Protein chains: 2
Amino acid sequence: MIEFNNLTQFLDHGWSCINRGVADTKSPGRYPTLATVSKDLLPEARTVVLRKADRNTSILEIHTDTRTEKVNTLRQNPNASLHMWIPNRRLQIRISVIVKIQTGSTIKKRWEEVPQKSRVSYGTLPPSGSVIKEPLAYDQMPSMESFAVLECKIGKIELLHLGRNHTRAVYQASSDWAGTWLVP
Amino acid sequence: MIEFNNLTQFLDHGWSCINRGVADTKSPGRYPTLATVSKDLLPEARTVVLRKADRNTSILEIHTDTRTEKVNTLRQNPNASLHMWIPNRRLQIRISVIVKIQTGSTIKKRWEEVPQKSRVSYGTLPPSGSVIKEPLAYDQMPSMESFAVLECKIGKIELLHLGRNHTRAVYQASSDWAGTWLVP
């Protein structure tokens, strides 16, 4: 028995897990790992929250503070990778993206949609990553100026299913998501 | 109330989650995301299995096939990052490492300890990542020649706890793991 033997159905399954991550705050797809490359060519990885996903435009959306390490890094090198492991599906999803950092008036509407109690995430003082003497020696000063939307344009999706058999496939925007099987 | 206000206790807590990952196959710490930087300076991330952890030597151990993308990448750039998100602890652990790829006779003893049924992971033909026409068009030919141990020497550990308050700290080998608080 093989669970996935059709490239299109396999990709549909991957997208259903991505969409579930947006819709369901309990889903593991909600909290992908965003990997980037620092100025010093070191890999960096951190958990982010997936806010939107649009298969038609191939764009995933993440919200962050403008003064975080990830924004500084992405200004230098916009290439990033989003990684999900969905335990109950035994599915790994690896998504290669190019990130556009949106700030200011173009995202005013998105800022207005952020619930008041969530806004504290955008605008710590001193900025995120600063050295402090005590663990709580910082203030939260929410402001739209500190709010950034990371628009992640997908170039490639790779799926690995660890089922009874292992199956793996890669899909690229450049070949209109046709996909090819790979050795796991 | 603040859950962590002592740097040493916070690091001890992080290590207990790392050690739990080795001991308990159900623990999320068992399956960190390994991020690397490709030859083309693109970030890559994939799930790996944490096999050993030694706080005294600051070494974490991962097993892989010698012909995987991650080994090719690490031969060029041995810098990597291991990322864990422990949901029930609300703890993110980010570990910066330098990876030494061990193969051949020096790891003979480790190979002998790998259970027979687990050995199929080391030695697919064609090699992992090859394009194939059908999803199962590969064989598993376990062999010690395909087995590699990634010895990950820790240079830095960063912890982020999303509790009632958020606390974050970074610890470096170069300052003997003394640690400093950071703005989350």
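Residues numbered from 1 in each chain as written. Chains lettered and ligands numbered in written order. Predicted model: local features only at pLDDT ≥ 70, side-chain atom pairs only at ≥ 80, totals over all residues.

When you look at the overall build of chain A in this model, what are you seeing that I'm missing?
Across its full length, chain A holds 3 helices and 12 strands. Expressed as lengths along the three principal axes of its C-alpha atoms, the size of chain A is roughly 55 × 35 × 30 Å. Burial analysis of chain A (184 residues in total) assigns 38% to the buried set. Counting only contacts in chain A whose residues sit at least 6 apart along the sequence, the fraction spanning at least 24 positions is 59%. (Helix = DSSP H or I, 4+ residues; strand = E, 2+ residues; numbered from the N terminus. Buried ≥ 20, exposed ≤ 12 C-beta atoms within 10 Å, placed from the backbone. Contact = placed C-beta atoms within 7 Å.)

What is the right way to look at the interface of chain B and chain A in this model?
Where the parts come together, the accessible area they lose is often given as the size of the interface. Chain B puts 44 residues into the contact, and the matching count from chain A is 44 residues. Within the residue set of the side of chain B that touches chain A, elements represented by two or more residues are strand S1 (33-37), strand S2 (43-47), strand S5 (79-86), strand S6 (91-102), strand S8 (131-132) and strand S12 (180-182) of chain B. Pairing of strand S8 (residues 131-132) of chain A with S12 of chain B, which is carried by 2 bridges, proceeds in the antiparallel orientation. Of the residues in S12 of chain B, the one forming a bridge with Val131 of chain A is Leu182 of chain B. (Pairing = 2+ DSSP bridges.)

What is the right way to read helix H2 (residues 69-76) of chain B from this model?
Each turn of an α-helix holds 3.6 residues, which means side chains three or four residues apart point in the same direction. Residues and elements named next belong to chain B. Residues of H2 that are buried include every one of Lys70, Thr73 and Leu74, and no others. When H2 is viewed along its axis, its buried side chains cluster within an angular range of 95 degrees and face the same direction. When the buried face of H2 is taken as reference, the exposed residues oriented beyond 90 degrees from it are Arg75 and Gln76. On its buried face, H2 is in contact with S1, S2, strand S4 (59-65), S5 and S6. (Arc of directions from axis to C-beta.)

Looking at this structure, I do not really get the relation of the copies chain B and chain A. What am I missing?
Superposition of the two copies of the chain requires a rotation about an axis together with a shift along that axis. Turning chain B through 180 degrees and shifting it by 0.0 Å along the axis lays it on chain A, with an RMSD of 0.0 Å. Read as a symmetry element, the transformation amounts to a two-fold axis. (Least-squares fit on C-alpha atoms with pLDDT ≥ 70 in both.)

Even after reading the chapter, I still don't get unusual backbone geometry, so can you show me in this structure?
Working note: non-glycine residues mostly have negative phi, and peptide bonds are mostly trans. Cis geometry is adopted by the peptide bond preceding Pro126 of chain A, which originates at Leu125 of chain A and carries an omega value of -5 degrees. By the element assignment, Pro126 of chain A lies in the loop between strand S7 (124-125) and S8. Look at Leu41 of chain A: it is not a glycine, yet its phi comes out positive at around 65 degrees. Inspection of the secondary structure assignment puts Leu41 of chain A in the loop between strand S1 (33-37) and strand S2 (43-47). Looking at Leu41 of chain A, the number of C-beta atoms within 10 Å reads 11, which means it is exposed. The phi angle at Ser58 of chain B is positive, at roughly 60 degrees, despite the residue not being glycine. Take Ser58 of chain B: it is sitting in the loop between strand S3 (50-54) and S4.

Sorry, what's going on with the nonpolar core here?
Buried together is how nonpolar side chains tend to be arranged in soluble globular proteins. Residues Cys152 of chain A together with Cys152 of chain B are the most contacted members of the largest nonpolar core, which totals 72 residues. In contact with Cys152 of chain B, not counting residues within four places along its chain, are Ile59, Leu60, Ile62, Ala80, Leu82, Val97 and Val99 of chain B. (Core = buried A, V, L, I, M, F, W, Y, C linked by C-beta atoms within 7 Å.)

What should I look at first to understand the environment of Ile86 of chain A in this one?
Residue and element names in this part refer to chain A. Among the structural elements, Ile86 can be located in strand S5 (residues 79-86). Separated by 72 residues in the primary sequence, Ile86 and Gly14 place their C-alpha atoms 9.9 Å from one another. If we skip the residues at most four places from it in the chain, Ile86 touches Cys17, Pro28, Gly29 and Leu91.

Explanation requested: the pairing of strand S3 (residues 50-54) of chain A in the structure shown.
If a strand is regular, its side chains alternate between the two faces of the sheet. Residue and element names in this part refer to chain A. Bridge count between S3 and strand S4 (residues 59-65): 4 bridges; the pairing is antiparallel. Bridge pairing links Lys52 to Glu61 in S4. Linkage of S3 to S4, two consecutive antiparallel strands, is achieved through a turn of 4 residues, within which Ser58 is found at a positive phi near 60 degrees.

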